[in-house]
Amino acid sequence: QVQLVESGGGLVQPGGSVRLSCTVSGFTSVYGIVGWLRQAPGREREGVSCITYSSSRRYYADAVKGRFTISRDNAKNTVYLQLNSLKAEDTAVYYCAAGRNRPTCGLGPMDYNYWGQGTQVTVSS
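Here the structure is a predicted model, which is why all the values come from computation and not from measurement. (Residues numbered from 1 in each chain as written. Predicted model: local features only at pLDDT ≥ 70, side-chain atom pairs only at ≥ 80, totals over all residues. Heavy atoms only, no water.)

A. Molecular detail of the overall build of the protein chain. Within the protein chain one finds zero helices and eleven strands. When its helices and strands are written in sequence order, the protein chain yields β-β-β-β-β-β-β-β-β-β-β. Taking 125 residues into account, the globule formula puts the C-alpha radius of gyration at 14 Å, and the protein chain, at 13 Å, falls close to it. Here the C-alpha coordinates of the protein chain stretch approximately 40 × 30 × 25 Å along the principal axes. (Helix = DSSP H or I, 4+ residues; strand = E, 2+ residues; numbered from the N terminus. Rg over C-alpha atoms; globule rule 2.2 N^0.38 Å.)

B. A look at the sheet that holds strand β3 (residues 18-26). Reading across from one edge, β1-β3-β8-β7 is the order of the four strands in this open sheet, with antiparallel pairing throughout. The open sheet terminates on both sides in strands that have one partner only, identified here as β1 (2-7) and β7 (68-73). The mean inter-strand angle of the sheet, taken between neighbouring strand axes irrespective of direction, is 15 degrees. One ladder, built from six bridges, connects β7 with strand β8 (residues 78-83); its direction is antiparallel. (Pairing = 2+ DSSP bridges. Axes fitted to C-alpha atoms, helices over the stretch in contact; angles between N-to-C directions.)

C. Representation of the side chain of Arg-67 in the model. On the secondary structure map, Arg-67 appears in the loop between β6 (58-60) and β7. Classification of Arg-67 as buried rests on a relative accessible area of 11%. Separated by 2.9 Å, the side chain of Arg-67 and the backbone oxygen of Ala-63 make a polar contact. Looking at Arg-67, its side chain comes within polar contact range of the side chain of Asp-90, at 2.8 Å. (Buried < 20%, exposed > 50% of the residue type's maximum accessible area, 1.4 Å probe, protein only. Polar contact = N/O pair within 3.5 Å; in protein donor to acceptor, adjacent residues only side chain to side chain.)

D. Focus on the state of the cysteines. Following the criterion strictly, the structure yields two disulfides and no others. Here Cys-22 connects covalently by a disulfide to Cys-96, the sulfurs 2.1 Å from one another. Measuring handedness by torsion sign, the sulfur bridge of Cys-22 and Cys-96 sits at about 70 degrees and is right-handed. Linking Cys-22 in strand β3 with Cys-96 in strand β9 (residues 92-98), this pair joins segments that are 74 residues apart in sequence. One disulfide bridge connects Cys-50 with Cys-105, the sulfur atoms lying 2.1 Å from each other. In this structure, the disulfide formed by Cys-50 and Cys-105 twists by about 80 degrees around the S-S bond and is classed as right-handed. Taken together, the residues span a long stretch of sequence, with Cys-50 in strand β5 (residues 46-51) and Cys-105 in the loop between β9 and β10 (114-115) at a distance of 55 residues. An identical accessibility class is assigned to Cys-50 and Cys-105; each is buried. Ordinal numbering of bonded cysteines along the protein chain defines a disulfide pattern of 1-3, 2-4. (Disulfide = S-S within 2.5 Å.)

E. Expanded view of the pattern of salt bridges. For the structure on display, the rule yields five salt bridges. Notably, a salt bridge pairs Glu-46 with Arg-38, separated by 2.8 Å at the nearest N-O pair. Among the residues examined, Arg-38 registers a relative accessible area of 6% and is labelled buried. Taking the shortest distance from any N to any O, the salt bridge between Lys-65 and Asp-62 comes out at 3.2 Å. (Salt bridge = Lys/Arg side-chain N within 4 Å of Asp/Glu carboxyl O.)

This is the structure:
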């Protein structure tokens, strides 16, 4: 019904930057909020950032606040996550996820109905 595809991950140096993209296809009218969540080896999936449909609300986990920026272009059905000042601790598989159109969003996986396959971000020298 709704498919999300992430792109842009790869190997990056500590202190470097990368931009992730999430493109949504299918019944795009049924989704609203979009979140980025990540999972490192041996750890639970954690919320990174989320954004409402109108971009009126954006939230970030404390660990990435000030370094990551979420944005979206609804005409392109695409959500972006800009990752700056990357640290080794940011190494993880990054997933985008979509949920209902709500006035606010959250960083928990319970809010999302559709998930992408993830893209690997590796921060290493």
